[in-house]
Amino acid sequence: MMNDWAGLPATYGDVLRRAMESLFRTFENFSEGTFIVDAEARVVWINKRYAARFGFSDPQQAIGRDCEAVIPNSLMREVVHTGKPILLDIMETDREPLVVTRLPLKDDAGVTVGAVGFALFDELKALTPLFSHYSRVQEELIATRRSLAQARRARYTFGSFVGTSAACLEVKRQARRAAQLESPVLLLGETGTGKELLAHAIHGGSARATQPLVTVNVAAIPDTLLEVEFFGAAPGAYTGADRKGRVGKFELANGGTLFLDEIGDMPLPLQGKLLRVLQDKEFEPLGSNRIVRADVRIIAATSADLPALVAAGRFRADLFYRLNVLTIHAPALRERTSDIEALAYAMLEDLSTQTRSGSHFELQDDALRLLCSYGWPGNVRELRNTLERAVMLSDSERIDARTLAPFLGSAQGGSQRSAVAGATPPVGGQTRTLQAPDVTADAPLESASWSDAMAAFEKRFLCDALRANGGRVIDTANRIGMGRATLYKKIAAYGIEV
Ligand SMILES: Nc1ncnc2c1ncn2[C@@H]1O[C@H](COP(=O)(O)OP(=O)(O)O)[C@@H](O)[C@H]1O
Ligand SMILES: [Mg+2]
C-alpha cells in the first residue's frame, strides 16, 4: 500500500466506496435487528429476526406501518423529525431492553428522507458492566421515586382539622368542596391557623390524591433561587452550586398539587411567570428549549393581606384574580375559643405519645379559662407550642393555670405579629401581660429556669440572625457557624417563621 502524496492514495476512492457500501452490511451482519423507515416514520424494511421479536412472523406484514405500531418504544419518528442521530440508547421492550443506534438518512440536498436503526445487542452480555450499572441506577430511581411519593402524600386529612365551632365547620365545608373541584384554592389567615393542614387535606381529598403534593415555601427561598426552584434548569444552565441541572417543583408536582405557601412574598417578576404558566399550562426550564407540560393544581396560602398588597402594587392584580377563585379564610383561634378545649386535648394526646407515653394529661378548669382568655397571635401553632413546653416542664399530669401561665406568650415563635385581642387577667397572684413578647425584647427572666433562659436566648439569637440574613436559612447557618440541618431543626422546634 503506497502513498502517492502528489495526489490521493490510489486506494482512497475504493476504500471510501467499500466503506460506504459495507457499512450497512457490516452493521446489518453484526446487529441483532435492522429497521428502516421513510420520512413519515413508516416501516420501509425490517429484517426477519427483528420482525419476529416484535411478533411479525413475516417481515412483509410490518412494511408501511407506523414505526411505533411495530416497535412500541421506537424513537425513529424523532430522528426523522430532527434529522439528528441517536447514537447509543437503551430501548425498553416487553422482554429485555435492547441497545440501539438510530441514524437519519439524507438525500443529496441534505433533506432527511428516512432513518435506519440497528439493535446492536439483544443479550446485553457484551455490555454487562455498563448494563448492571444502568439497572442499579434504574432500580434506585424507582425506589427513590416511590419513597418520595410516599413522603409527598398528604400528611393530614379533614379529620385532622379539629374543631366544631360554626367558623370551623364552615371552613371544613368549603375545603371539602374545594377538594371536589379543580380550580386554584387560596387559603387566607393568620400564621398558625391551619392553612398548610387544609392544603394537605384538600389534596388528600381530591382526585389527585395518589399524585404528588409538592410544597414551595416562597418566603423561605431567596428570590434569586426561586425561578430555578419553580421551573428547574437544564444541566449547565444554572450558575448555582449544582451544575447538573435541576427538576423544578412544577415538574415534580405534575399530575398532582403544588402548594405555594406565603405566596404574598413572591417577587413581582416571578408572579408574571407563574401567571403565564397557569394560563399556558406549560413552561421551559431555565436554559433548555424543552417544553414541559404542567398539569398542576395550585393551592396558595398567605398570612399577608393580599388585597392590600395588590393595592400597593406589590402583588399583581391579574394573578390575584386568577388565584382568588375558591378562597377560604382560616379563622384566628381567638375567634373560635369554643374549639380550644378540643384542640388542646387532641394536642395533649399527641404530645403524650410523643414525649411521655402512657401519661394522661388533664386540664384543670382554671387552665382552660386561661387558654380561652388569651389572644393567641400565633394561633393553633402557638397553642401547641405552649402546651408542649408546659408538658415537658410540668411534674404533674394535671395542668392548672399556675403551671400554664409562665408559658403563655413565650411560645409564639415568629416574627410576624398580628393584633392581639387577648385579655390580661392576673393569674395566680402574678400580673402578666398576656401579649406575646417581641422576640427582640428581653424575656422575663426573674422566674425562669436556666433551661428556659437559654432557650429564650437561643431563639432570640436565631431570630436576629435570620432577620439579619433576610430570612435565608443557608446563609444564616453559614454566618453563625451552625449546620444547616441543625438550624432547620431549631427553627421548627422554636416555631420560628422564616
Ligand atoms: N384545626 C386544627 N386542628 C388541629 N391542628 C391544627 C389545626 N389548625 C392548625 N393546627 C396545627 O397547628 C400547627 C400550624 O398549622 P399550619 O397548618 O402550619 O398553619 P399555617 O400554615 O396557617 O401557618 C400545625 O402543627 C397544625 O397541625
Ligand atoms: Mg404556614
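Everything numeric in this text was worked out from a predicted model, so none of it was measured.

(A) A look at unusual backbone geometry. Phi is positive for Glu 262, which is not a glycine, with a value near 55 degrees. On the secondary structure map, Glu 262 appears in the loop between β10 (257-261) and α10 (268-280). You will see that Lys 281, though not glycine, has its phi angle at about 60 degrees, which is positive. Within the secondary structure, Lys 281 sits in the loop between α10 and β11 (282-283).

(B) Structural detail: the pattern of salt bridges. Scanning the entire structure with this criterion turns up 20 salt bridges. For Arg 77, the salt bridge is made with Glu 68, and the minimal N-O distance between the two is 2.7 Å. A salt bridge links Lys 490 to Glu 458, with the nearest nitrogen and oxygen atoms 3.2 Å apart. Of this pair, Lys 490 sits in helix α19 (residues 484-494) while Glu 458 sits in helix α17 (residues 450-468), and the two are 32 residues apart along the sequence. Beyond isolated ion pairs, a larger network of salt bridges with shared partners links Asp 38, Glu 40 and Arg 42.

(C) Looking closely at empty space enclosed by the protein. What the rule picks out here adds up to one cavity of 30 Å³ or more. Lining the largest cavity are Phe 35, Tyr 50, Ile 71, Ser 74, Met 76, Met 91, Val 100, Arg 102, Gly 117, Phe 118 and Ala 119. Secondary structure elements with two or more residues in the lining of the largest cavity: β4 (98-106) and β5 (112-121). Ranked by residue count, the leading element in the lining of the largest cavity is β5, at three residues. When its residues are assigned to classes, the lining of the largest cavity shows eight nonpolar, two polar and one charged.

(D) Inspection of the sheet that holds β10 at higher detail. Strand order across the open sheet formed by five strands is β7-β10-β13-β6-β14, with parallel pairing between neighbours. Edge positions in the sheet fall to β7 (213-217) and β14 (326-329), since each has one partner strand and no second. In this sheet, adjacent strand axes meet at a mean angle of 15 degrees when their direction is disregarded. Here strand β6 (residues 185-188) runs beside strand β13 (residues 297-302); their pairing, made up of four bridges, is parallel. Directly across from Leu 186, in β13, lies its bridge partner Ala 300.

The rules we used
Residues numbered from 1 in each chain as written. Chains lettered and ligands numbered in written order. Predicted model: local features only at pLDDT ≥ 70, side-chain atom pairs only at ≥ 80, totals over all residues. Heavy atoms only, no water. Helix = DSSP H or I, 4+ residues; strand = E, 2+ residues; numbered from the N terminus. Salt bridge = Lys/Arg side-chain N within 4 Å of Asp/Glu carboxyl O. 1 Å grid on protein atoms, 1.4 Å probe; cavity = no way out; pocket = protein on both sides within 12 Å on 5 of 7 lines; lining within 4 Å. Points joined across faces, edges and corners; volume = space filled by probe spheres on them. Nonpolar A, V, L, I, M, F, W, Y, C, P; charged D, E, K, R; others polar. Pairing = 2+ DSSP bridges. Axes fitted to C-alpha atoms, helices over the stretch in contact; angles between N-to-C directions.

None of this, on its own, says anything about what the molecule does.
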